[in-house]
Each structure stands twice: as C-alpha cells, then as structure tokens.
Amino acid sequence: MSALRDLLTRRIARTGPLSVAEFMTDCLLHPEHGYYTTRDPLGAGGDFTTAPEISQMFGELLGLWLAQVWMDQGQPTPFLLAELGPGRGTLTADILRATRAVPGFQEAMQVHLVEVSPALRKRQAEALAGVDKTFHDHLADLPDGPLFLIANEFFDALPIRQFQRANTYWHERQIGADDGRLIWGLGPETRFEMLDDRLAGTTEGQIVELNTPALPLAEDIGARIARHGGAALIIDYGDAISIGDTFQALKAHEPVDPLACPGKADLTAHVAFGPLARAAAPAVASAPTPQGVFLERLGITARAQALAQRLAGDALDSHIAAHRRLTHPEEMGTLFKVMALTPPGQPTPPGLDP
Ligand code: SAH
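Residues numbered from 1 in each chain as written. Predicted model: local features only at pLDDT ≥ 70, side-chain atom pairs only at ≥ 80, totals over all residues. Heavy atoms only, no water.

## A look at the overall build of the protein
Logical step 1: Scanning the protein from N- to C-terminus turns up 14 helices and 17 strands.
Logical step 2: What you see for the protein is a C-alpha radius of gyration of 21 Å, in line with the 20 Å of a compact globule of 354 residues.
Logical step 3: Its C-alpha atoms give the protein principal-axis dimensions of roughly 60 × 45 × 40 Å.
Logical step 4: Here the protein holds 354 residues, and the buried ones make up 51% of them.
Logical step 5: The contacts of the protein with a sequence gap of at least 6 include a subset with a gap of at least 24, amounting to 75%. (Helix = DSSP H or I, 4+ residues; strand = E, 2+ residues; numbered from the N terminus. Rg over C-alpha atoms; globule rule 2.2 N^0.38 Å. Buried < 20%, exposed > 50% of the residue type's maximum accessible area, 1.4 Å probe, protein only. Contact = heavy atoms within 4.5 Å.)

Spelled out as structure tokens, the structure:
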C-alpha cells in the first residue's frame, strides 16, 4: 500500500475530490512522500532523462547562446545567471564550462538556482562544487538585476488543471476515490470565465489544460527582463496552444497510469507557450521554435563532428545517437520547443524564429 495513496484517499473522503493540480502538487512535492522531494529521478537508472543528461552539447550551445545575448546587450555587469529546476546541475555545469573563455562573463555572473527538492539540491551542489551559488525556493526570491535565465523541462512539472467541454460550459476533471483506489471523475458543469477564449477551437467533450502557476512565473520573468535587461530561454515539450489530455506519468522510462503510483512516477503535461508569451509582456517572446531547428542553427552538427574526432567504438555510437535524439524530428527535435524572452526593442536572439 502506498503511503501517499492512503493520505490522498483519506483527504478525498474528508474534503471531496481533488483537482489534477492538487493531485500533482502532492505527488510531486509532498514534503515526505513527494516524487521530487525524495529522489533524484533522472538518468538511465531513474524514470526519465533530459537533454542535458543526454549530451554535453546541449548545455554548451546554451552557454554560448547566453554569452552571445549578454554581449549583444552590452555585457551588463553584474548579472544573474539563473536556472529554474536545475535537476542534477548538469546544464549549469555545462554552461559554465562553455563560457569559461568568454571575457568578463564569469566575473560578472552571480549563479542562482531555484529548486524545491532537497534531494536534487544536494546533486546540484555536488555538480557545481567550487561555484559560488545561491539556492532559492521561489523565483520571486531572486534579487533584482539583469537576468539571464534557463528553464529546461521545468514548466512541464508544474501542476495543471484540466477541463472537459460540455456545450458552452466546462466540467473540471477531478480525482476521487473508490474502495481505496484513485479514480477519475468530473466536477459540476460550470462557466469558467478564464476558459471563454477556449470556446473557439474546441468542441463538445474535448479537454483543455491550464497551467495555473506558470503564468505568474512568466509574468515575473518578463517584468524583470523588461526592467533590468537579460533574456530567458524556456525549453519544453508542447506547442503554442495545448489541446487534449497531455497529463502523463513516466516510471523507469515507460508510460504508466498517472493515478496508479502516486509519488512514485514522474508527472508532467505539455507546455502551452502562447499563454506564457502573453503573460511575459512587456518582454518580447520569440516564436516557440523546434528544438532541433534551434540546435542546428547554433551549430550542433559542427560541435558533434568535433567531439566525434576524439571518440571510437561504443562511445562514438552513443554520441551519434545523442545528437540524433536531441535534434531528429522523430525524437526530441520537433516535440520540444524553445522560446526566448528578451527586452522590448532587441533583435530576435540567435537560433529562434521571430
Ligand atoms: N532542468 C533539469 C531537470 C528537469 S526535472 C534538466 O533539464 O535535467 C524538473 C526540475 O524542476 C527538478 O529539478 C525539480 O525538482 C524541479 N521542480 C519541480 N517543481 C518545482 C517547483 N515548483 N519549484 C522549483 N523547482 C521545481
């Protein structure tokens, strides 16, 4: 019996069904039983992997992108180099290695990591040993200043709500309990004003999702960048708009029923970039650009060839596979999108569609 399932079914018996967001919040971040709170879920032995864990090339190219944008903005000094949800710390470590030779960059930077998981903070501290850094629970705790921020597979981990359309009204999808099992249900038919703009483009029975906590975060990032300068790079799977049920659970790299093992599987949903872009105004958002296209424009193939010179056998095979995995349309190349936020009046940054 799972301790968290027990807690959730008792909570449901006491106070009624949960929204998907309430369920996700407890599954991912419960102080004792939460998925992220209690483990390092990344890598081959974990439940899922991410671009920086697949290849060092990802972080290196992002590092050079950051350095280029920093130079294009006149090398603001000092500046914040911030990562949201840094996982194992691999991405920031690769960014730092790639920018070591950029004159003035590391002297001017102050590294800030926004991370809620004690288990992962420990991994990040190890990966970034010797680097001056500050941890924060929340983005809002970052100090003011020019902000160069990266968020890779962060927004997909934030809790979403789901709504199923009925005529011009909606039912919120809810999680109830039956005989100790968690089951899907629907809340009462309600007019949610926040969903009025989703009536166009949806039909009866379709599901839409709202990433409620993402919008104030995008607003805060956009306001900081518009006021103090800097840039943000948001990378995740999703598209300009989300439609349909994209709530999913992964365990040992395989999809599982999201209600089956609370706190023991990774839960995510696709990211809708359009609402993030609108929330970030007055900062200017690029188009969500396919990850494969973005990395090719930044020169991943030349970098891959240079690294391949030093490899042979299995190491070379896995390097070639990693390049394909990051860029190929049938792998992460098209499903994942990259969106930049920059101050008004700046040109579209390298690699991105305007
Ligand atoms: N960016 C990393 C890890 C992605 S996994 C990579 O690309 O490998 C998601 C990360 O976000 C984890 O570090 C997780 O602990 C963190 N996280 C999830 N929800 C969070 C929240 N609400 N606030 C801060 N960090 C969060």
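## Section: the pattern of salt bridges
Logical step 1: Applying the stated criterion across every chain yields a total of 18 salt bridges.
Logical step 2: One salt bridge in this structure joins R123 and D40, with 2.7 Å as the shortest N-O distance. Here D40 lies in the loop between α3 (35–38) and α4 (51–54) and R123 lies in helix α8 (residues 118–127), a separation of 83 residues in the sequence.
Logical step 3: Classification of R123 by relative accessible area gives partly exposed; the value is 32%.
Logical step 4: Assessed through its relative accessible area of 22%, D40 is described here as partly exposed.
Logical step 5: The structure contains a network of salt bridges with shared partners spanning D40, E53, R88, R123 and E126. (Salt bridge = Lys/Arg side-chain N within 4 Å of Asp/Glu carboxyl O.)

## Looking at the site of the ligand
Logical step 1: Neighbouring the ligand are 18 residues; T50, G85, G87, E115 and N152 lie closest to it.
Logical step 2: One nitrogen or oxygen atom from the main chain of G87 is found 3.0 Å from an oxygen atom belonging to the ligand.
Logical step 3: Interatomic distance of 2.6 Å between a side-chain N/O atom of E115 and an oxygen atom of the ligand.
Logical step 4: Taken by itself the ligand offers 570 Å² of open surface, and the protein chains cover 94% of this.
Logical step 5: Here the residues of the shell around the ligand sort into ten nonpolar, five polar and three charged. (Near = heavy atom within 4 Å. Polar contact = N/O pair within 3.5 Å; in protein donor to acceptor, adjacent residues only side chain to side chain. Areas by Shrake-Rupley, 256 points an atom, 1.4 Å probe, with all protein chains shown as cover. Nonpolar A, V, L, I, M, F, W, Y, C, P; charged D, E, K, R; others polar.)

## A look at helix α9 (residues 214–228)
Think of an α-helix as 3.6 residues a turn; residues three or four steps apart then line up on the same face.
Logical step 1: Compared with an ideal rise of 1.5 Å per residue, which puts 15 residues at 21 Å, α9 spans 21 Å between its outermost C-alpha atoms and is within 8% of the ideal.
Logical step 2: Residues A214, A218, I221, G222, R224 and I225 constitute the buried set of α9. Here the buried residues of α9 occupy an arc of 165° about the axis, which is enough to place them on one side.
Logical step 3: Just downstream of α9, G229 is the residue with a positive phi angle, here 85°. (Expected span 1.5 Å × (residues − 1). Arc of directions from axis to C-beta.)

## Things to note about helix α6 (residues 90–99)
Logical step 1: When you tally the buried positions in α6, you get seven out of ten residues, the bulk of the element.
Logical step 2: Along α6, the positions that sit buried rather than exposed are L91, T92, D94, I95, L96, A98 and T99.
Logical step 3: Structurally, α6 contributes buried residues whose contacts are with α4, α5 (56–72), β2 (79–84), α7 (105–108), β3 (109–114) and β5 (147–152).

## Digging into unusual backbone geometry
Logical step 1: Between T77 and the following residue, P78, the backbone shows a cis peptide bond with an omega angle of -5°.
Logical step 2: Residue position: P78 is located in the loop between α5 and β2.
Logical step 3: Cis peptide bonds are those with omega within 30 degrees of zero, and the linkage from A281 to P282 qualifies with 15°.
Logical step 4: Secondary-structure assignment places P282 in the loop between α10 (273–279) and β15 (284–285).
Logical step 5: Even without being glycine, E153 reaches a positive phi, approximately 50°.
Logical step 6: Within the secondary structure layout, E153 lies in the loop between β5 and β6 (161–166).
Logical step 7: Under the relative-accessibility criterion, E153 is labelled buried at 16%.
Logical step 8: We note that D179 has phi near 55°; this positive angle belongs to a residue other than glycine.

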